[in-house]
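Descriptive structure summary
One-letter residues, chain by chain:
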Amino acid sequence: MKERCWRAVIFDMDGLVLDSEPTYVRAWQAAIDELGFTMPAQFWTSLSGCSGKTVTQRLQEQCGVDFDLERFQQLSSVYWLAHVQQHGIAVKPGFFVLLDVLAQYGLPFCLATNSPLAAARQCLAWAGLTDIFPRIVAGDTVRAAKPAPDIFLRASAELAQPVQDCLVLEDSPIGIRAALAAGASCVFVPSLQPADAWAAEHADYLLDDLQQVADFISARQHHPL
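Below: a short report on this structure.

Cut-offs applied
Residues numbered from 1 in each chain as written. Predicted model: local features only at pLDDT ≥ 70, side-chain atom pairs only at ≥ 80, totals over all residues. Heavy atoms only, no water. Phe/Tyr/Trp six-rings, centres within 6.5 Å; stacked < 30°, edge-to-face > 60°. Helix = DSSP H or I, 4+ residues; strand = E, 2+ residues; numbered from the N terminus. Buried < 20%, exposed > 50% of the residue type's maximum accessible area, 1.4 Å probe, protein only. 1 Å grid on protein atoms, 1.4 Å probe; cavity = no way out; pocket = protein on both sides within 12 Å on 5 of 7 lines; lining within 4 Å. Points joined across faces, edges and corners; volume = space filled by probe spheres on them. Nonpolar A, V, L, I, M, F, W, Y, C, P; charged D, E, K, R; others polar.

Comments concerning the packing of aromatic side chains
- A complete count under the given rule lists 16 aromatic pairs for this structure.
- Measuring from ring centre to ring centre gives 6.1 Å for Tyr24 and Trp28, while their planes differ by 25°; the resulting arrangement is stacked. With Tyr24 and Trp28 both in helix H1 (residues 21–34) and four residues apart, the pair spans about one turn of that helix.
- Among the residues examined, Tyr24 registers a relative accessible area of 18% and is labelled buried.
- Using a relative accessible area of 16% as the deciding quantity, one classes Trp28 as buried.

Given below as structure tokens:
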């Protein structure tokens, strides 16, 4: 386990900062129902943290080569937009407390998401977080999305810190794989219960929510090991 005071923090977005994953699942389920398919709930939860490309590949594998992927994407977009335009996107508990802790210790931070940059900015706006993140590394700005390490390597470069000195906050096993591949320390904050067993075992730290992350970082800055 990598014990240290960190010089920067890298946030995932969906499921970690934003409680957005239930909105995606709701839209996907409505679209698949309209197309006449049945999909188990476990299938949707298995997509946590996946890039859009991976989601479409998994759908094609699950539903067959005749599945109308273009129509599914159109329908799910309509359902998702209707929901978030009416209700917005909730911010996960503890996020603003964590921001205060980062400011207190002068720790720079970055957003690193598999979402395309335009979509990430729009989701942040719907959550009321416009301009919160001065640096955003998105899935369409690197060669390979998570679980490849590219996003976190680019994020550490944007932060002007060695990746080994960055603490990655992730809610999905795909994100944990990417952080480990990059050589960063990582905290697993599960967005789904029961928590993924592999991610819980292999992450450097396992915490329940961002409030706990804030307390953890504050304690570590006071008492580095």
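Considerations on the layout of surface pockets
- Here the largest pocket defines a volume of roughly 890 Å³.
- Lining the largest pocket are 42 residues, and of these Tyr24, Trp28, Cys50, Gly52 and Ser115 lie nearest its centre.
- Where the lining of the largest pocket is concerned, the elements lending two or more residues are H1, helix H2 (41–45), helix H3 (52–63), helix H4 (69–87) and helix H6 (117–126).
- The element that contributes the greatest number of residues to the lining of the largest pocket is H1, accounting for six residues.
- Class assignment for the residues of the lining of the largest pocket results in 17 nonpolar, 17 polar and eight charged.
- Volume-wise, the second largest pocket comes out at about 160 Å³.
- Lining the second largest pocket are 13 residues, and of these Thr45, Ser48, Pro173, Leu192 and Asp196 lie nearest its centre.
- Across the lining of the second largest pocket, the residue classes tally to six nonpolar, five polar and two charged.

By themselves, these are just geometric observations and shouldn't be taken as functional.
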